[in-house]
Number of protein chains: 4
Amino acid sequence: MKVGIVGATGYGGVELYRILSNHPHVDECIMYSSSEMDVPYSNSFPHLSDLSTHTLNKIDVEEIKKNVSVLFLATPPGVSRILSPQFLDSDVKIIDLSGDLRLKNKGEYEEWYKRPCVDEDVLEKAVYGLSELNKAEITKTNLLANPGCFPTATILGLAPVVEKKFVHEQSIIVDAKTGVSGAGRNASQATHFSETNENIKIYKVHEHQHIPEIEQALRSLNEAITCISFNTHLVPMTRGIMATIYASLTDTYSTEEILDLYKDYYANSPFVRIRKQNEFPSTKEVYGSNFCDIGVKVDERTGRITIVAVIDNLVKGAAGQAVQNFNLMNGFEEKTGLYFAPIYP
Amino acid sequence: MKVGIVGATGYGGVELYRILSNHPHVDECIMYSSSEMDVPYSNSFPHLSDLSTHTLNKIDVEEIKKNVSVLFLATPPGVSRILSPQFLDSDVKIIDLSGDLRLKNKGEYEEWYKRPCVDEDVLEKAVYGLSELNKAEITKTNLLANPGCFPTATILGLAPVVEKKFVHEQSIIVDAKTGVSGAGRNASQATHFSETNENIKIYKVHEHQHIPEIEQALRSLNEAITCISFNTHLVPMTRGIMATIYASLTDTYSTEEILDLYKDYYANSPFVRIRKQNEFPSTKEVYGSNFCDIGVKVDERTGRITIVAVIDNLVKGAAGQAVQNFNLMNGFEEKTGLYFAPIYP
Amino acid sequence: MKVGIVGATGYGGVELYRILSNHPHVDECIMYSSSEMDVPYSNSFPHLSDLSTHTLNKIDVEEIKKNVSVLFLATPPGVSRILSPQFLDSDVKIIDLSGDLRLKNKGEYEEWYKRPCVDEDVLEKAVYGLSELNKAEITKTNLLANPGCFPTATILGLAPVVEKKFVHEQSIIVDAKTGVSGAGRNASQATHFSETNENIKIYKVHEHQHIPEIEQALRSLNEAITCISFNTHLVPMTRGIMATIYASLTDTYSTEEILDLYKDYYANSPFVRIRKQNEFPSTKEVYGSNFCDIGVKVDERTGRITIVAVIDNLVKGAAGQAVQNFNLMNGFEEKTGLYFAPIYP
Amino acid sequence: MKVGIVGATGYGGVELYRILSNHPHVDECIMYSSSEMDVPYSNSFPHLSDLSTHTLNKIDVEEIKKNVSVLFLATPPGVSRILSPQFLDSDVKIIDLSGDLRLKNKGEYEEWYKRPCVDEDVLEKAVYGLSELNKAEITKTNLLANPGCFPTATILGLAPVVEKKFVHEQSIIVDAKTGVSGAGRNASQATHFSETNENIKIYKVHEHQHIPEIEQALRSLNEAITCISFNTHLVPMTRGIMATIYASLTDTYSTEEILDLYKDYYANSPFVRIRKQNEFPSTKEVYGSNFCDIGVKVDERTGRITIVAVIDNLVKGAAGQAVQNFNLMNGFEEKTGLYFAPIYP
């Protein structure tokens, strides 16, 4: 099978390349870029010297339709809005890693993203690809909206207790921390080494565009959810997201009961690992892998629960989950090409 | 004036030395250590080569009483319990940076610290030294319990809205992040570089010994406070604490109103800096300094507020605040020897 | 094929596990440890939760002989001296990642390692496993001494110009930099996060035990080599070694000529990548991979050459090269299970 | 005394501000910027909130001449070429932190900096301000060329053995490592966090513009010096430079003899600290301070010496040395406002 990657010179694109170039059902990756073309891919990424002999191609919809079975869009916001509708009448399956197709409500997109949204009929066709929660629909779609990095960790962390109504719907507070690679490859003052190293910064307070995505997904599990508190922090590391989640319990559950719930809930989800009582995952324990590790603990004093979910933002939070969905959409085993160990240390 | 530092070979001790050796009212620092003695202080800390000609002394209570006006205890838990009572009948003022004297309730100390507590009559005499909130008492005491690093950031962040009842008493959730120096100078697997770098770890979930200290202080501002949710995370940097605080507002306050409240509340507190609307402090912006910087923002969607308070854990969270209290206890201007800029970048 | 890993709880051991658990010719890894036994391997390494169901076994030579075809020793100095001779009469192939078997001269070992050396007859049998330079011998041996991390980068960087006598034998100076994981998993003051972060430290000046190993290997290429200057620096990162190498040219070679020499020399070495003129590799460009990337440039002003060689110290500098040798020793294709891309960023 | 800082929004400028705002002989700092004006300085640097009430001024030569006694130029290359000649006929003393005035040979500047040089009569007037080596001239000048960061560490490390001819003139090799702040505050791909973190990069191989500056200074100590080998590496930290220097000894000196030479040579240099035998400084041991720490060791095997010199690139390598020269130029004690301890850890 031939696949295409649009946005190959970004971090999402190169992580897709790393995974897909070892995927047993992928014969060839064709790399597309709007910024550079007709130059070797390894010019952009010298770590691929010798490994990649690809040349960057310009984005030509007709050429893509002819040559590619699945197209990954690892592009900035706004690109997929233009590109993905052009493939709806073709056989090319689209997996969009940007946020353009995730929200079902056009107005909500425009409010949070501050830019025009794709047409509603496209939104309707798009399936939200949180692999663990939406498998049936993912299997059947040709237009997949791959989840954001923060939503992946947060929704996987909350799904069991939200769906089973173990927590009060209005009590959810998510304090998220991320490595800097989530900001992409373009240089900026905010991600300049000397400003970021030995520093923690909170950003987009109450305004992160992933908030409506998380709420939409939680609402699909329990429609009484209205809104959550959610903040993001930049920490001095390259990869990794930790979502520390707080919520009030609806009853006096023990940590053990809740852990059992999580183990049941994710019994068929090979990429979700539930930690033992009194153990919590750190971000490094999923580094470079497609795992989402979760720890939970009840606080009897406050009647709240603390849930910790960690992912590698570029793998389970982007390229890895995209390949997981690629597997599901193409009838391959979910773990194919993805079930490798984290790098530690 | 001659001062003594017990625990000179730790990070708290050496930060006290950095500040006190430039203090205009300190003529001499005498350095005490239980682990090493009769060796040059700069053997332990080569960055003090030429600067310090001190020799480490063994801890001898009678000698200290004779030679020292103020004694700083920068010691692990349990040491002050033994040492500080021996000075109660003397003129030596004690400033204890450990947690031994902070909690008024002996049973609470033993429950959270898992070790025996000092006698209650000593606890009664000790004054809790959060400089901004307790100035009158600090000025008069000879036995000062210097606050913990997390409590300093958290209590300063919450005091105005708790005292003025802008937030619901049972709604407070504190998500704290710290650099690794808070764990001290002794090597351990948990603070080994290769385990800590490029990693975020949550630790002591619901069990951090600073929880009762924070609750005790908040209760002194508003007795309806019972318990808070509080978690701590280790992030890959050396210095800095950020407390991200969530609470439900009791009314529909605007961010502007709340900022005004904070500015009023801290009008006479030179080390607390309130940020402008839509601005939040990062930890690096207080690096090496005694400032506590605070940003706040109301989330109209959820009716909650986000408060961010940052400090340098070794300065305002330990040695700096100890010197601030030293100033107050000795009738010096509060800013003396402490009002220097953070190092940036 | 069943393989055994002794020293499974160290960084070398767990990296061997990461690679071997995906190796197509390895059916099972049996994990041995002297420090822990009869406990799940994932207790030591939670990042292997669900992935590894192994239990740590105690080291029992007879049991190993029965169950294992190849035994990897990822152990501290001194262990292999005791263990490896016990397998010489068996069919078990030994791949020793420690320094115990690398030096041919017993006295030299004892001088640099400050500990007793294995017997000379064992040293004689051991083959030095720098895969690229010693393929014929490696293929035939049952007792392999896997090279040290610094020697791997240094020798690969120097081999072409040393063997072809492009550089003066007494002019070689190697300035090496390493991430902290090379120091292993045991906590120490020297690798404590707060002492290592935001810091560069030089260590073992003129005394690093890898010096005689490098000299022995260079001498086998050009016997006129006597001694080199070699220093190592600890830099604040987890993985990666850069050897910056300086030497005087014996003639007025151009950078292009030297690059051609390197490309020829390593034409059949899939894990050595020679960079283009005016390009130099950074350590991150080999992160997590078995590559050694090399850049060279002639300095016409000084008549010297600068050679830069980078590796991941835990892969090409330890576990990866061990598997490369495992492939050669067992008649597998050299790249088997090893030819994966670096993780970037 | 009133001083002016041009380039106040850069790292050199803000470090000058940190030091000068505590300097006992400086009454006021006036801040100039070409990029921003009429806005509060703390907009650019929130860590100065409350501390600085300055507004950024536009650069107006006549206004500066009226208001300022000493003008610091912390500007990119090319600015001082235009600005500094305009003050030659005034009483304003100029301290230029850029490279524009350091080289005495105009052609050499244009070759290495690839840009036009200031006129030769200006170059002639400029005094090279390596404080320790050039005190007499510095004291008398009104036009000071403040040394570069790498030259400061390298020249201080080499001066005693070069001047006293303990090393062969053509044998000097300098392997330098720097934190990222040396690249300034402007964002770029090369200093983007995700590209720089967990990475070592060599850059400007054989082409660094500090090479002729070092050679010129060494030649003034020993005219037989022609050219040196010099390379620079970017390491993942914010501040700090280490120069690891290799040279062949002209005789069989012991480490002790050489240490004695260094101690003598720098006996009157309060900011140079010579380490004890077998001890070497790390960069963190001078963090935030104006010290240059030096360690040396003879390698009997090779007949070479290893010299290690460390500085904080923004202090002794820029702003601190500029203030040291300011002290000398104005008849103040050399240590005034500068003799503070490094921050550790």
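In this text, all values refer to a predicted model and were calculated from it rather than measured experimentally.

A.B. asks: Can you tell me about the pairing of strand 4 (residues 93–96) of chain D, naming the residues and giving the values?
C.D. replies: All names here are of chain D. With burial as the criterion, each face of strand 4 is covered, one bearing K93 and I95 and the other bearing I94 and D96. Across four bridges, strand 3 (residues 70–73) lies against strand 4 in parallel orientation. Bridging from a neighbouring strand, L71 pairs with I94 of strand 4. By the bridge criterion, three bridges tie strand 4 to strand 6 (residues 143–145) in an arrangement that is parallel. Each residue of the ladder has a partner; that of I94, found in strand 6, is L143.

A.B. asks: Outline the relation of the copies chain B and chain A, listing residues and values.
C.D. replies: Superposition of chain B onto chain A requires a rotation of 180 degrees combined with a translation of 0.0 Å along the rotation axis, giving an RMSD of 0.0 Å. In symmetry terms, the pair is related by a two-fold rotation axis. Among all residues of chain B, the minimum C-alpha distance to the rotation axis is found for P236 of chain B, at 3.2 Å. Comparing interface residues between copies, 100% of those in chain B also lie at the interface in chain A; the contact surface is shared.

A.B. asks: How would you summarise the packing of aromatic side chains if you had to cite specific residues and measurements?
C.D. replies: All told, the structure shown has 56 aromatic pairs over all chains when counted by the stated rule. Where Y17 of chain A meets Y41 of chain A, the ring centres are 5.6 Å apart and the plane angle is 75 degrees; that geometry is what we call edge-to-face. With a gap of 24 residues between them, Y17 of chain A in helix 1 (residues 11–20) and Y41 of chain A in helix 2 (residues 41–44) connect regions that are remote in the sequence. Just as Y17 of chain A is buried, Y41 of chain A falls in that class too. Ring centres of F291 of chain B and Y339 of chain B lie 5.6 Å apart, and the angle between their planes is 65 degrees; on these two criteria the pair is classed as edge-to-face. Within this pair, whereas F291 of chain B is found in the loop between strand 11 (272–274) and strand 12 (292–299), its partner Y339 of chain B is found in the segment after helix 12 (315–329), the two being separated by 48 residues in sequence. With a relative accessible area of 27%, Y339 of chain B lands in the partly exposed category. Members of the aromatic cluster, connected to one another through ring pairs, are Y17, Y41 and F45 of chain A together with Y344 of chain C. If you follow K284 of chain A out to its NZ or CZ, it ends over the ring of Y287 of chain A, 5.5 Å from the centre. In this structure, K335 of chain B packs its charged tip against the face of Y339 of chain B, placed 4.3 Å from the ring centre.

A.B. asks: Break down the environment of I245 of chain C for me, citing the residues and quoting the values.
C.D. replies: Residues and elements named next belong to chain C. Inspection of the secondary structure puts I245 in strand 10 (residues 241–248). Placed 233 residues apart in sequence, I245 and G12 show a C-alpha to C-alpha distance of 26 Å. For I245, the residues in contact, after removing those within four places along its chain, are T154, G157, L158, I172, I173, V174, I305, T306 and I307.

A.B. asks: Give a detailed account of the packing of helix 5 (residues 106–113) of chain D against helix 10 (residues 210–221) of chain D, specifying residues and quantitative values.
C.D. replies: All names here are of chain D. Between helix 5 and helix 10, the least distance of the axes is 9 Å, while the angle of their chain directions is 145 degrees. For the pair formed by helix 5 and helix 10, the contact residues are E108, W112 and Y113 on the first element and H210, I211, P212 and E213 on the second. Partitioned by chemical class, the residues of the contact of helix 5 with helix 10 number four nonpolar, one polar and two charged.

A.B. asks: For the UniProt feature "active site" (unreviewed entry) in chain A, give the residues involved together with the corresponding values.
C.D. replies: Residues and elements named next belong to chain A. Within this structure's numbering, the places UniProt gives as "active site" (unreviewed entry) are C149. Considering the arrangement of structural elements, one finds C149 in helix 8 (residues 149–163). Residues in contact with C149, not counting those within four places in the same chain, are H210, I241, I311, N313 and G317.

Rules and cut-offs
Residues numbered from 1 in each chain as written. Chains lettered and ligands numbered in written order. Predicted model: local features only at pLDDT ≥ 70, side-chain atom pairs only at ≥ 80, totals over all residues. Heavy atoms only, no water. Buried < 20%, exposed > 50% of the residue type's maximum accessible area, 1.4 Å probe, protein only. Helix = DSSP H or I, 4+ residues; strand = E, 2+ residues; numbered from the N terminus. Pairing = 2+ DSSP bridges. Least-squares fit on C-alpha atoms with pLDDT ≥ 70 in both. Contact = heavy atoms within 4.5 Å. Phe/Tyr/Trp six-rings, centres within 6.5 Å; stacked < 30°, edge-to-face > 60°. Lys NZ or Arg CZ within 6 Å of the ring centre and 35° of its normal. Axes fitted to C-alpha atoms, helices over the stretch in contact; angles between N-to-C directions. Nonpolar A, V, L, I, M, F, W, Y, C, P; charged D, E, K, R; others polar. UniProt positions renumbered as here; feature names shortened; annotations may be inferred.

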